[in-house]
Amino acid sequence: MVTRSSFDSKIAAAVALLLLLSITRGALAAGYQALNVPGANGDPAISAIVWSPCTSAPVAVRLGPYVIRGTRNCAVAGDSLPLIAVSHGQGGSYLGHHDTASALADAGFVVVSLSHPGDSFGDDAAAQQLRIFESRPRDVSRVISFMLSNWPHRQQLDPAAIGVFGFSRGGYTALALAGATPSVSTSAERFCHPWWSFIVSLCRQLDADNAQVRPQADPRVRAVVVVDPLNLFDAAGVRKVRVPVQLWASEMGGDGVALDHVEAIREALAQPPEYRIAKGAGHFAYLAPCPPEFKKSEPKLCTDPDGFNREDWHQTMNAAVVAFFTQHLRNHALLTR
């Protein structure tokens, strides 16, 4: 666990790096473009957005319920760029963490944010099926492979500098890609202990005699940011993670995630993670700040407890995410070239 002073020093280092980059190669902004990964081998097509460094001045654009600042289809600036994949939570979308994606693109990363088939907004047909916990990591691996092999600007990527940012079920997904192995028995005990849990589809599946969840890890993933993750692991499964981890928790939790679930992951990791708790915040505080009309239509996702400022927290979080991936992907890549 990092101390507050060391954590803040990493944020300061990220800010210094961004200033240096702006001086040496011109200030960057976020370009964005739609991406469609074709279906293959029985897996469906995947919709995504790619955020990338861009030298054009950003403009305000409405995407879904959000207003973002960026440039559509901007020429990708830079070479040997690290690649970050973003995995959303249950029922989320590729826009749910757009501010973090944009901050990373501004800092010189290419970010691909995907909507998971069967477990995203408007497409939740498989959300309550146990197999979703195998298909989610596979979705991310498919998108990474597409970016490295088929994306028009693939020559500007560094294939040895790949990371994953994941929230909630996406946090589970990031850990699975990094080598963590789920435990059916531990998951059943953690989530299905109440007597009424037999009405929950996932609990009935976890209790089945032949229940199994066997996601495929991806050795190309070199660092992960894990945000308020759904914990389907036991300690032995978490100890298999060997890449650097930045771990975030919300004090109040929600949507199947509790602070002690995240603490259990922190304690089990073989390498101590960078760790930070959003004090006084609930689970959905990690979603991008909501515009006024979205707050009205989705109060559960957008309303935070009194005293917690989501906008301020995201500025702190985004700077820390940039610092973490800079240390473990960009700086490492510079040293190895």
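Every value quoted in this text rests on a predicted model; they were computed, and no experiment measured them.

(A) How the structure looks around the pattern of salt bridges. Within this structure, the stated rule accounts for eight salt bridges. Measuring nitrogen to oxygen at the nearest pair gives 2.9 Å for the salt bridge that ties Glu263 to Arg266. Remark: Arg266 and Glu263 occur in helix α8 (residues 259-268); sequence separation between them is three residues, near one turn of the helix. A salt bridge links Glu267 to Arg266; the shortest N-O distance between them is 3.8 Å. Owing to a relative accessible area of 22%, Arg266 belongs among the partly exposed residues under this scheme. Members of the salt-bridge network, linked through shared partners, are Asp119, Arg136 and Arg169.

(B) Seen up close, the side chain of His116. When you line up the elements, His116 lands in the loop between β6 (110-115) and α3 (132-149). Discounting residues that sit within four places of it in the chain, His116 has contacts with Ser87, His88, Asp123, Arg136, Asp139 and Val140.

(C) Molecular detail of the environment of Gln216. Among the structural elements, Gln216 can be located in the loop between α6 (201-206) and β8 (221-227). Under the relative-accessibility criterion, Gln216 is labelled exposed at 62%. Placed 175 residues apart in sequence, Gln216 and Asn41 show a C-alpha to C-alpha distance of 15 Å. Those residues in contact with Gln216 that lie beyond four places of it in its chain are Pro137, Ala176 and Leu177.

(D) Molecular detail of the nonpolar core. Judged by nonpolar contacts, the single largest core of 59 residues is most densely connected at Leu35, Val112, Phe133, Met147 and Val224. When residues of this core are assigned to their parent elements, the largest contribution, seven residues, is made by α3. Residues Trp51, Ala161, Tyr286 and Met317 belong to the second largest nonpolar core, which totals 44 residues.

(E) Structural detail: the state of the cysteines. Evaluation of the coordinates by the stated rule reveals three disulfides. Linked covalently through their sulfurs, Cys290 and Cys302 form a disulfide whose S-S length is 2.2 Å. Measuring handedness by torsion sign, the sulfur bridge of Cys290 and Cys302 sits at about -85° and is left-handed. Here Cys290 is found in the loop between β10 (274-278) and α9 (292-297), whereas its partner Cys302 is found in helix α10 (residues 299-302), with 12 residues between them in sequence. The class of Cys302 is buried, set by a relative accessible area of 6%. Indicated for the protein chain is the disulfide connectivity 1-2, 3-4, 5-6, based on numbering the bonded cysteines in sequence order.

(F) A look at the packing of aromatic side chains. Counted according to the given criterion, the structure contains 10 aromatic pairs. When the ring of Tyr172 is compared with that of Phe233, the centres are 5.4 Å apart and the planes differ by 20°; the resulting orientation is stacked. With a gap of 61 residues between them, Tyr172 in helix α4 (residues 169-177) and Phe233 in the loop between β8 and α7 (235-238) connect regions that are remote in the sequence. Phe233 matches Tyr172 in its accessibility class, with the two residues each being buried. Judged by centre distance (6.3 Å) and plane angle (75°), the ring pair of Trp248 and Tyr286 falls under edge-to-face. In this pair, Trp248 is assigned in strand β9 (residues 245-250) and Tyr286 in the loop between β10 and α9, connecting sequence segments 38 residues apart. Taking relative accessible area as the criterion, Tyr286 reaches 0% and is therefore assigned buried. Each residue in the set Trp248, Tyr286, Phe308 and Trp313 is aromatic and connected to the rest through ring pairs, giving one cluster. The lysine or arginine in question, Arg330, covers the ring of Phe109, its NZ or CZ lying 5.4 Å from the ring centre.

Rules of the game
Residues numbered from 1 in each chain as written. Predicted model: local features only at pLDDT ≥ 70, side-chain atom pairs only at ≥ 80, totals over all residues. Heavy atoms only, no water. Salt bridge = Lys/Arg side-chain N within 4 Å of Asp/Glu carboxyl O. Helix = DSSP H or I, 4+ residues; strand = E, 2+ residues; numbered from the N terminus. Buried < 20%, exposed > 50% of the residue type's maximum accessible area, 1.4 Å probe, protein only. Contact = heavy atoms within 4.5 Å. Core = buried A, V, L, I, M, F, W, Y, C linked by side-chain atoms within 4.5 Å. Disulfide = S-S within 2.5 Å. Phe/Tyr/Trp six-rings, centres within 6.5 Å; stacked < 30°, edge-to-face > 60°. Lys NZ or Arg CZ within 6 Å of the ring centre and 35° of its normal.

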